[in-house]
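Structural features, examined
So the chains spell out like this:
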Amino acid sequence: MQLTTIQLDTERFTLRPLNSEDAEALFAIFSDADVMRYWNTPPWDSLDDATQFIKQSREDLTTQQAIALAIVSKSDETVIGKCLLFSWDKESRRAEIGFGIAKSHWGQGVIQEAGSALIDCAFSTLKLRRIEAEIDPANIGSTKVLTKLGFTKEGHLRARWEIAGEISDSVLYGLLASDLQ
């Protein structure tokens, strides 16, 4: 499969590779401290952060190291977030999944819809056996959506991350292709 042209369509969204025109929209989303509250990196502080992320994402897509896709609203063609498969281990047929969306779209089922499409692609097209997610246990929204997507809580790592002087735990979730059959 040629990943550089991958496109996934849901009822409300198109998931497609990031491009340079997405930089401003991504910067607006990922410079927001509330959006980045539970990430393992601080909020972006310049448009260059978005540009570099897009550049790295394009390289990772070309080399099949990771897949980062823009979540684009079909109603107005705006980029409202991103979803990604990363830490892709082809030999073990596993990857980690991640999402980030604009605060204005929280609570609207975006991750449920986009995540289902990405998970389906991961298992059916990429032939992954396992998808993992690592979240801060305080991130109740992600806990709920991962559960709705079929993930199982598999572990709790204490004092796993330190970002800007704040220490946080991680909870690990897993989903197997066989769980959805």
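Refer to the structure presented above.
Reading guide: rules and limits
Residues numbered from 1 in each chain as written. Predicted model: local features only at pLDDT ≥ 70, side-chain atom pairs only at ≥ 80, totals over all residues. Heavy atoms only, no water. Pairing = 2+ DSSP bridges. Helix = DSSP H or I, 4+ residues; strand = E, 2+ residues; numbered from the N terminus. Contact = heavy atoms within 4.5 Å. Axes fitted to C-alpha atoms, helices over the stretch in contact; angles between N-to-C directions. Salt bridge = Lys/Arg side-chain N within 4 Å of Asp/Glu carboxyl O. Phe/Tyr/Trp six-rings, centres within 6.5 Å; stacked < 30°, edge-to-face > 60°. Lys NZ or Arg CZ within 6 Å of the ring centre and 35° of its normal. Buried < 20%, exposed > 50% of the residue type's maximum accessible area, 1.4 Å probe, protein only.

1. What about the sheet that holds strand β6 (residues 130-135)?
Across the sheet, eight strands lie side by side as β1-β2-β3-β4-β5-β6-β8-β7; this open sheet has mixed pairing. Of all the strands in the sheet, just β1 (8-9) and β7 (152-163) have a single pairing partner and so form its edges. Sheet topology places strand β2 (residues 13-17) next to strand β3 (residues 67-73); five bridges connect them, and they run antiparallel. Each bridged residue has a counterpart across the sheet, and for P17 the counterpart in β3 is L69. Helix α2 (residues 47-62) contacts β2, β3 and β4 (79-89) of the sheet and is inclined by roughly 120° relative to β3. The strands touched by helix α3 (residues 110-124) within the sheet are β1, β2, β3, β4, β5 (94-101), β6 and β8 (166-176), with β5 carrying the most contacts at an inclination of about 155°.

2. Examining the pattern of salt bridges
Per the counting criterion, the structure on display carries 10 salt bridges. A salt bridge links R37 to E166; its shortest N-O distance comes to 3.2 Å. Placement of R37 in the loop between α1 (23-30) and α2 and of E166 in strand β8 is noted, with a sequence separation of 129 residues between them. The network of salt bridges with common partners includes R94, R130, E132 and E154.

3. With respect to the packing of aromatic side chains
Taken as a whole, this structure holds three aromatic pairs when the rule is applied. Following the ring pairs from residue to residue traces out a cluster consisting of F30, W39, W44 and F53. When the ring centre of F30 is taken as origin, the NZ or CZ atom of K82, which lies over that ring, is 4.4 Å away. Above the plane of the ring of F53 lies K82, whose end atom (NZ or CZ) is 3.5 Å from the centre.

4. Concerning the environment of F99
Mapped onto the fold, F99 is located in strand β5. A relative accessible area of 17% places F99 in the buried class. For the pair F99 and D9, spaced 90 residues apart in sequence, the C-alpha separation works out to 16 Å. Aside from chain neighbours lying at most four places away, what touches F99 is W39, K82, C83, I111 and G115.

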